[in-house]
Structure formats: structure tokens, C-alpha cells
Amino acid sequence: MSPGYPNPYPSRTHCTYDFQGRGKERVQVIFQDLNLFHSQSNPNDCEGVDSLVAFVNIDGKKDKIDSFCGDIPPRPIMSNGPRLSLEFQGLTSSRHSRGFKATYTFMENFGITTGRQEGQYPCAFVFNSNETRNGTFTSPNYPGLYPRATECYYFFNGQSNERVHLHFHFFDVEGVLPCEAISASDYVEFSNYMTRDRKYPRHCGQLKEFDVYSERKFFRVTFKSNDRLDATGFNASYVFLDEEENYTMKIPASNGSARHGEAFVKLVN
């Protein structure tokens, strides 16, 4: 927290908060309160005003990932490795400015709380239909900015007659089509195999809701960010269907099949 919180912080305050994890640990910071003095003449810019700035290490150098000012509650932030640094500049003191309060956690699950984490990868989560038929999954640190230089896998394993249906409710991944390295794009990739599957184009940018269907019982989703820019990521749901259910979802039929498909859509929603 800022000095003296919840009482006003003194003027000309400069505090640095350094976090150092171990091994695979990432640092996640979640803010409970932010109330910094902010003049009306500079409503949207955190430069030159009371602020809290977050830095990570990129190639041995401190790189700014976000800055916060005013009284808008910040989203959660996450480091790209075991180190994170916050710098608080309280230039002005006001009896109405409480400062900030936040919690920190050293974690290895990247803030992803669904699926079973697969330990042989830095970031991988397994979803088995014999354990859970439907659920949700998100990018690291969602709904905060995803960390830089991070690659996460989501493995979906169905029974022999099953396919998985994914629905992306929110999608904001920094990049431009076709989401390749030449454009320094982060991306989400889909595949029916462990290797790349060119049947599915890579996805990046800000997209409206969309669906993805597997063609086999196994399906892999890959999220990859580079060390430059970041965004909010994605929030998605999944459901395992047998092949007959999958067919009625893709190709609406009449009478019973159509009603079955309609009921399923309501269930997912």
C-alpha cells in the first residue's frame, strides 16, 4: 500500500516495490483501491501526475507495461517472469487522496483457474471430457493484461466419438492479420494435432464472438505473446459433444434435430 494508507500520502513521495519470485513463479498484483490526486486539466494522461507505474524485465532491462493514476480501479497485472517492479510517485498531497492498496501473489498457474495444469510445460492446461463435459478457460491473468513473452497450451481430450466446440465470448489479442512473426503479432492458434494445423487461421486483434469446432477427439489451443505490446486476452467456453450433436449444431435440421440444437444453444448461453 501507499505510505499511511488509508490516510493521505505525503507530498513528494517516491516508493519502489520490487517483487522477486523463484523458478517458474510469476507475480500477480490485484488492486483493491486506487485514489491518487489528479488535476482536472490532465484527465487521461498519467505523465507528470501522481501515478503508479509497473515494470517488468525484458532482456535485462526494465520495461514499462502499464501506468495508473486518478481513481479508476486498475486491472490485475502479471509479470513476464519472476520479477516485477512498481514505482509510486506522489508529487502532490491532498486530504482527499487515500493512495492505493493491493495484494500480490507469487503463482505458477498464470492466474488460469480451470483445467488441470500439466507440469512438463511452463504453461499448459488439460481438459478431459471424462472429468468435465463443459466449462470455461481464459488467457493468462484475464481480465487483466496478459503477460509478455508467454506461451500457453490448452489441451482438450474427448472420447473417440466426441468433438469439442469452443465459443469465444471476448477476444482482444494484440496483432494484425495474418498474425505472423513478421508483424510482431501475438496470436491464438488452433489445431487437431500437436503440430500446427493450417486448416485453422491464426486469430489476433479485437474480434467479435466466434466459434471453433474440432475435427478429432483431441484439440489444442495455443496462446502466444511476444515481448512488446499486450492486451486483455480472451474468455472462452468449451463443451464436448458426440458426433451426432456436433452435426446438428453445424447443419440445422428440421423437427427434432432443430429443437435439440436450439436447446443446446440455450444451455451453453
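Residues numbered from 1 in each chain as written. Predicted model: local features only at pLDDT ≥ 70, side-chain atom pairs only at ≥ 80, totals over all residues. Heavy atoms only, no water.

The name an unreviewed UniProt entry gives the protein chain is Suppressor of lurcher protein 1, with Trachymyrmex cornetzi as the organism.

Caption draft 1: Geometry of the packing of aromatic side chains. Considering all chains together, one arrives at 33 aromatic pairs under this definition. For the pair Tyr104 and Phe106, a centre-to-centre distance of 5.8 Å together with 75° between the ring planes defines the contact as edge-to-face. For Phe106, a relative accessible area of 31% gives the class partly exposed. Ring plane angle 15° and centroid distance 4.9 Å describe the contact between Phe127 and Phe156, whose orientation is recorded as stacked. You can see Phe127 sitting in strand 9 (residues 124-128) and its partner Phe156 sitting in strand 11 (residues 151-157), a full 29 residues away along the chain. There is no split in this pair, since Phe127 and Phe156 are both buried. A cation over a ring is seen here: Lys62 above Phe55, with NZ or CZ 4.8 Å from the ring centre. Between Arg202 and the ring centre of Tyr187, over which it is positioned, the NZ or CZ distance is 3.8 Å. (Phe/Tyr/Trp six-rings, centres within 6.5 Å; stacked < 30°, edge-to-face > 60°. Buried < 20%, exposed > 50% of the residue type's maximum accessible area, 1.4 Å probe, protein only. Helix = DSSP H or I, 4+ residues; strand = E, 2+ residues; numbered from the N terminus. Lys NZ or Arg CZ within 6 Å of the ring centre and 35° of its normal.)

Caption draft 2: Looking closely at the environment of Thr103. Structurally, Thr103 is set in strand 7 (residues 99-107). If we ignore the near neighbours within four places in the chain, the residues touching Thr103 are Gln28, Val29, Ile30 and Gln32. (Contact = heavy atoms within 4.5 Å.)

Caption draft 3: Structural view of the confidence of the model for the protein chain. Here the protein chain averages 88 in pLDDT, while 88% of its residues score no lower than 70. Scored below 50 in pLDDT, residues 250-269 makes 12 contacts in the model with residues more than four places away or belonging to other chains. (pLDDT = per-residue confidence, 0-100.)

Caption draft 4: Highlighting the side chain of Ser97. Tracing the backbone shows Ser97 in the loop between strand 6 (83-90) and strand 7. Classification of Ser97 as buried rests on a relative accessible area of 5%. Leaving out residues up to four positions away in the same chain, Ser97 has contacts with Asn7, Pro8, Tyr9, Asn35, Leu36 and Phe37.

Caption draft 5: A look at the side chain of Asp186. Looking at the element boundaries, Asp186 is found in the loop between strand 12 (162-173) and strand 13 (187-191). Within the buried set, Asp186 has no salt-bridge partner at all; the shortest N-O distance to an opposite charge, 7.7 Å, is to Arg148. Here the side chain of Asp186 touches Tyr146 through a polar contact of 2.6 Å, side chain to side chain. (Lys, Arg positive; Asp, Glu negative; His and termini not counted. Salt bridge = Lys/Arg side-chain N within 4 Å of Asp/Glu carboxyl O. Polar contact = N/O pair within 3.5 Å; in protein donor to acceptor, adjacent residues only side chain to side chain.)

Caption draft 6: Representation of the pattern of salt bridges in the model. All chains considered together, the criterion is met by 13 salt bridges. Residue Arg148 pairs with Asp63 through a salt bridge whose shortest N-O separation is 2.9 Å. Of the two residues, Arg148 is situated in the loop between strand 10 (134-138) and strand 11 and Asp63 in strand 4 (residues 61-68); the sequence distance between them amounts to 85 residues. We classify Asp63 as partly exposed; its relative accessible area is 25%. Here Arg220 makes a salt bridge to Glu189, at a shortest N to O gap of 3.6 Å.

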